[in-house]
Amino acid sequence: GRIKQSIVQWCFEKYWPVAKTMQIARQLGCASVELIAPEHWDELKKNGLVCAIASSHGFVKGMNDPAHWDYCLELLRKRIDECSAAGFPNVISFTGMREKIPDDVGLKNCVQGFKKIIGYAEQKKVNICLEMLNSRVNEYMKCHPAYMGDHTDGFVELIKKCGNERMKIQLYIYHVRITDDAGTSRIREHLHYSTQASTAGHARPGRRREHQGN
């Protein structure tokens, strides 16, 4: 019971309908099915499951570009409201792609953008979790070239500048090992800034996550 495991719904969607995914999650002893649409949350609860982290905007358009702020903030606010009402703890978010934005400018933009929403997340008692992705491996869905949030230290700096306990890192061990040449040691080092950790890659059906409870 110390580690609560979760599976990602979209990894299974071409194999099982949502109801089957929930059934198998329970059989495996998982506590959560995550990144699952809010219309399924009532059924999750009936099955004794939670959504450990909810989706919002994707990783292409993120807070590093002010042109995307309205789009991202609208989705984040909507999902924060839904998570608060359901009693679920986390909403995922992303920096966005570098494109032609220098890292220092992207960091500054992210801080300014997240400061527009993090107070609301704090009010609703929901965490905004920034997912780190690697930009090295040249394979579909194992890598995201030009993604700005590809180093743990950069995320820690961003979170510190936001100055709010509701900003967290979504530490994806697969990506951390590739980009930072480290895995669980990074989780221990930055545990204060992390809300949950993922242990397997997108390429495998049924990415498994290990997450902290509510």
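Since this is a predicted model, take the numbers as computed values, not measurements.

Next up on the list: the overall build of the protein chain. Looking only at helices and strands, the protein chain has eight helices and seven strands in total. Classification of the 214 residues of the protein chain by burial places 55% in the buried group. Sequence-distant contacts in the protein chain: of pairs separated by 6 or more residues, those separated by 24 or more amount to 68%. Carbon together with sulfur atoms contributes 49% to the accessible area of the protein chain, which is approximately 10,300 Å² in total.

The geometry of helix α3 (residues 69-86) relative to helix α4 (residues 103-115) is characterised by a closest axis approach of 10 Å and an angle of 40 degrees between their N-to-C directions. In terms of axis orientation, α3 runs oblique to α4. The element α3 and its partner α4 pack so that their crossing is right-handed. Packed against α3, whose contacting residues are W69, L73 and L76, the element α4 presents N109, Q112, G113 and F114 at the interface. Grouping the amino acids of the contact of α3 with α4 by side-chain chemistry returns four nonpolar, three polar and no charged.

On to the environment of D103, then. Relative to the elements of secondary structure, D103 occurs in helix α4. Accessibility expressed as a relative area gives 41% for D103, which makes it partly exposed. Along the sequence, D103 and G154 sit 51 residues apart, while their C-alpha atoms lie 9.3 Å from each other. Leaving out residues up to four positions away in the same chain, D103 has contacts with R98 and M148.

The next thing to look at is the packing of aromatic side chains. Enumeration according to the criterion identifies four aromatic pairs in this entry. When the ring of F94 is compared with that of Y147, the centres are 6.4 Å apart and the planes differ by 75 degrees; the resulting orientation is edge-to-face. One end of the pair, F94, is in the loop between β3 (90-93) and α4; the other, Y147, is in the loop between β4 (127-131) and α6 (152-162), with 53 residues separating them in the sequence. Looking at F94, the relative accessible area reads 8%, which means it is buried. On the basis of relative accessible area, Y147 is assigned to the buried category, the value being 0%. Pairwise contacts between aromatic rings join F59, F94 and Y147 into one cluster. When the ring centre of Y71 is taken as reference, the NZ or CZ atom of K61 above it lies at 5.6 Å.

Cut-offs applied
- Residues numbered from 1 in each chain as written.
- Predicted model: local features only at pLDDT ≥ 70, side-chain atom pairs only at ≥ 80, totals over all residues.
- Heavy atoms only, no water.
- Helix = DSSP H or I, 4+ residues; strand = E, 2+ residues; numbered from the N terminus.
- Buried < 20%, exposed > 50% of the residue type's maximum accessible area, 1.4 Å probe, protein only.
- Contact = heavy atoms within 4.5 Å.
- Areas by Shrake-Rupley, 256 points an atom, 1.4 Å probe, with all protein chains shown as cover.
- Axes fitted to C-alpha atoms, helices over the stretch in contact; angles between N-to-C directions.
- Parallel < 35°, antiparallel > 145°, perpendicular 65-115°, else oblique.
- Left-handed = near helix turned anticlockwise from the far one by under 90°.
- Nonpolar A, V, L, I, M, F, W, Y, C, P; charged D, E, K, R; others polar.
- Phe/Tyr/Trp six-rings, centres within 6.5 Å; stacked < 30°, edge-to-face > 60°.
- Lys NZ or Arg CZ within 6 Å of the ring centre and 35° of its normal.

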